[in-house]
Amino acid sequence: MNAFKISWLLFKNNLKLYQFYLMVLILTTAIYYNFLAVNFNPYLEVLNEQYVFAKVASSLGSIILFLTVFSFMFHANNFFYKLRYKEIGTYMLMGIPGSKIGTVFALESILLGGTAVIIGLPLGLLFSKLFFMLLSKAMILDTQIPFYIPLKAIGTLLLILAFIILLMGIKNYRMVRRSKLIEILNAAKKEQRLPKIRWIGGIAGVVCIAAAYYLALNILDLPFNLPIDFFQTSILILILICCGTYFFFGSFLAIVLNALIQKKKVIYKKSRLISFSNTLFRLGTHYRSLSMTAILCAATLAALSGSLALKYFADTNTAVEAPYSITYYDQDEVTNQKIRALIQASPHQILAEHESHFLTGNVSYNNGKGERTETCLITSFSEVKKSLMIIWPENYQQILKEIELDDNETVSILHSNLVFSGVSYIGQDFVIQGRDYNLKKVMKIPFIGELEGIGHNDTYIVTDNQYNELKEDGKEMTMYGINITDPEDSMSLVKKIAGVIKNPSDNLNSYAGQYQYKYYLIGAFYFMGLVMAVVFMISTFSTMYFKILSDAILDREQYKILMKIGVTEQEIAKSIYTQVGIAFILPVLLGILHGTMAIKALESCIHYQFTGSILTGVGVLILAMTGFYLFICKKYRDMVVKRWENYESF
């Protein structure tokens, strides 16, 4: 029998063993195809600017997905190799050359990957219509995206997956080829040893994680005036998190478990000794899996909460960009009357009207590289108060407490078009129209909105006294705001108003226009982020699945002996729930903390609070992990107590 026939036979016989791995590969292949298809769909290209955002989001998602698939296959490959260690030894005892065994295992992994592609690609094609419908809904596109099969996307997908599958095949061949019979025969007798207690590594892990959290919470106000920008700080945080997590599970956890085992009052209760001892003995080989699980959990939470945060940002920032249903300025009284007549003739009704007053001027400050002067808008505390009472009646009192000023202080309202800011000037001295002020706070609240002529300038709030003095040397301007019923559906009315207004491209703004445009910008990232959260969660499940089932295989004989000396099945079950719980709780808790810090850093840069998004993400993650915990405990128990027939020979 040639190598291919043997590998085909082994592949068919081991299908039950591979079923979870195969399912994950098929799903990721289908999702990967749709990510690539966004880049090669000609029907999306007509969307111009919206397509650019969709393309950027899908490209980022594709890269992350490639790394996730690669890491997942690498990890699963090691699991299967260890699981079939004795099988390889048996073939060697039968006199089969190592090169032929290696070829068989390499072909088997290629068959496995090929099967995932053969099923996953048609599945991706089948669901591409649904994928693009959901993408279109997230971006609020008016146009339908027809069903289309981009051959370039298929070619790219096959090329990338062929590379990964071939690489795994070569890896399997080398691993088997380098295996020695004597090592395989002695593997079962190999004594497990306690991990070494490394105090320096343990302390380094905690310090790295604490430092990363501190930097994330103060990303715009770094300690010791660190001479690094936002991008460099983000990279530093990522490195500290990865190193800290690695040392935490590699060294710090061993210190904690070792200390717990010394406490007889804690450990000698029920079946805790078995669970804690098993976890401690396995740390030497499993700390990498635990670290990877924690980082995947963090990625899942960051993708999920980040997507929800983007949607919250779109909803909230629309109100900041368009404080009123219709906003205009620099118009005469005749035009004002025409606008009101148009509104009264439409199906919409006027709910509120308001006039906001402000000055234009210059602001000078040090941006870190030297003195910088730019145009700004200046308004008073009272003007902001009157405006907020109409726009945000439920929040205005809290905001007013935050912007109370002295005569030498100012608060900056960032211009509404600013999405991301990597620097902070709070506490610095500013010169506004030749007068010195200290910047007390930076906020994003609705005031001017996105008016092309003046909306790109930051607004500085000063006290009423200061404003009245500045007004004597400048020209006060007036912006008109009108709130109407059903502002989301008022585009036809806005177009009619644009027909009577002077210079509408610079002087007119509407809620309807900003609402749609904001979703054009972030809709693609929001949708792709949710898909990536699903992929990360599946990857987290698969990493835990292989790790915990590896433990089950190693523990089977131990539990068998314990049952012979009188330990009941219920006591074994309790020990399993505790042991698996330790493997779940620590990486998930650390992952939740890592992910939360990532969103907190995002909050600082976007100037919004995403507490609701974080709590929702944490709730969904805990719920999903609890369900998977119960599933994996049952699987573990079946293998140890009921003896899963697929593993009987190992």
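Shown above is the structure to which this text applies.
Procedures and definitions
Residues numbered from 1 in each chain as written. Predicted model: local features only at pLDDT ≥ 70, side-chain atom pairs only at ≥ 80, totals over all residues. Heavy atoms only, no water. Helix = DSSP H or I, 4+ residues; strand = E, 2+ residues; numbered from the N terminus. Buried < 20%, exposed > 50% of the residue type's maximum accessible area, 1.4 Å probe, protein only. Contact = heavy atoms within 4.5 Å. Areas by Shrake-Rupley, 256 points an atom, 1.4 Å probe, with all protein chains shown as cover. 1 Å grid on protein atoms, 1.4 Å probe; cavity = no way out; pocket = protein on both sides within 12 Å on 5 of 7 lines; lining within 4 Å. Points joined across faces, edges and corners; volume = space filled by probe spheres on them. Nonpolar A, V, L, I, M, F, W, Y, C, P; charged D, E, K, R; others polar. Domains from an automatic or database assignment. Salt bridge = Lys/Arg side-chain N within 4 Å of Asp/Glu carboxyl O. Core = buried A, V, L, I, M, F, W, Y, C linked by side-chain atoms within 4.5 Å. Pairing = 2+ DSSP bridges. Phe/Tyr/Trp six-rings, centres within 6.5 Å; stacked < 30°, edge-to-face > 60°.

Asker: Which parts of the structure should I look at to understand the overall build of the protein chain?
Answerer: Along the backbone of the protein chain there are 22 helices and nine strands. By residue count, 51% of the 650 residues in the protein chain fall in the buried class. For the protein chain, the share of sequence-separated contacts (at least 6 apart) that also reach a separation of at least 24 residues comes to 84%. Accessible area of the protein chain: about 30,900 Å², with a carbon and sulfur share of 61%.

Asker: Sorry, what's going on with the layout of surface pockets here?
Answerer: Regions of empty space are outlined by a rolling probe, equal in size to a water molecule, passed over the atoms. Roughly 1,200 Å³ of volume is contained in the second largest pocket. What lines the second largest pocket is a set of 44 residues, among which Leu414, Val442, Met443, Lys444 and His607 lie closest to the centre. Among the elements of the structure, α13 (272-321), β3 (371-380), α16 (396-402), β6 (435-443) and α21 (569-606) are those that each provide at least two residues to the lining of the second largest pocket. Per element, the largest residue contribution to the lining of the second largest pocket is four residues, and it comes from β6. Classifying every residue of the lining of the second largest pocket by side-chain character gives 20 nonpolar, 15 polar and nine charged. Mapped onto the domain boundaries, the lining of the second largest pocket takes at least three residues apiece from domain 2 (195-325 + 524-649) and domain 3 (350-484).

Asker: How should the pattern of salt bridges be read in this particular structure?
Answerer: Scanning all chains against the criterion turns up six salt bridges. A salt bridge links Glu353 to Arg340; the nearest nitrogen and oxygen atoms lie 2.6 Å apart. Here Glu353, found in strand β2 (residues 350-366), pairs with Arg340, found in helix α14 (residues 333-345); they are 13 residues apart in sequence, far enough to count as distant. Accessibility expressed as a relative area gives 18% for Arg340, which makes it buried. The salt bridge partner of Lys386 is Glu383, with a shortest N-O separation of 3.7 Å. Of this pair, Lys386 and Glu383 both sit in helix α15 (residues 381-391), three residues apart, roughly one helical turn. Lys386 sits in the partly exposed class, given a relative accessible area of 42%.

Asker: Help me out: how do you make sense of the nonpolar core in this one?
Answerer: Soluble globular proteins tend to bury their nonpolar side chains together. In terms of nonpolar packing, the biggest core is built from 92 residues, with Tyr21, Met73, Val580 and Phe584 touching the most fellow members. The leading source of residues in this core is helix α20 (residues 511-564), at 20 residues. Here this core spans two domains, since at least three of its residues come from each of domain 1 (1-190) and domain 2 (195-325 + 524-649). Among all residues touching Met73, those that are not within four sequence positions of it are Tyr21, Leu25, Ile164, Ile165 and Met168.

Asker: What is the right way to look at the pairing of β2 in this model?
Answerer: Along any regular strand, the residues point their side chains to alternate faces of the sheet. Where β2 meets strand β8 (residues 476-484), nine bridges bridge the pair, whose relative direction is antiparallel. Looking across to β8, one finds that His354 is bridged to Gly481. Sheet analysis places β2 next to β3, joined by eight bridges and oriented antiparallel. Counterpart to Ser364 in the pairing with β3 is Thr373. Hairpin connection of β2 to β3: four residues between the antiparallel strands, including Gly368 at a positive phi of 95°. Judged from the two bridges that link them, β2 and strand β5 (residues 429-432) form a sheet pairing that is antiparallel. Following the sheet pairing, Ser364 is matched in β5 by Val431.

Asker: Would you mind showing me how to read the packing of aromatic side chains here?
Answerer: Centre distance and the angle of the planes are the two values used to describe a pair of aromatic rings. Per the counting criterion, the structure on display carries 17 aromatic pairs. Plain terms: the ring middles of Tyr425 and Phe430 are 6.5 Å apart, the flat faces sit at 70° to each other, and that makes the pair edge-to-face. Classification of Phe430 by relative accessible area gives buried; the value is 2%. Through a chain of ring-to-ring contacts, the aromatic side chains of Phe541, Tyr577, Phe584, Phe628, Tyr629 and Phe631 assemble into a single cluster.

Asker: So what exactly am I meant to see when it comes to unusual backbone geometry here?
Answerer: Glycine aside, a negative phi is what most residues show, and trans is what most peptide bonds show. Of note in the backbone geometry, Gln433 takes a positive phi value of approximately 50° without being a glycine. Counting through the fold element by element, Gln433 comes out in the loop between β5 and β6. The phi torsion at Asn503 lies on the positive side, around 50°, for a residue other than glycine. For Asn503, the location among the structural elements is in the loop between α18 (491-500) and α19 (504-507). For Asn503, a relative accessible area of 37% translates into the label partly exposed.

Asker: Even after reading the chapter, I still don't get the environment of Leu593, so can you show me in this structure?
Answerer: As for its position among the elements, Leu593 is in helix α21. According to the relative accessible area criterion, Leu593 is partly exposed, its value standing at 42%. Residues Leu593 and Val618, spaced 25 residues apart in sequence, show a C-alpha to C-alpha distance of 9.7 Å.

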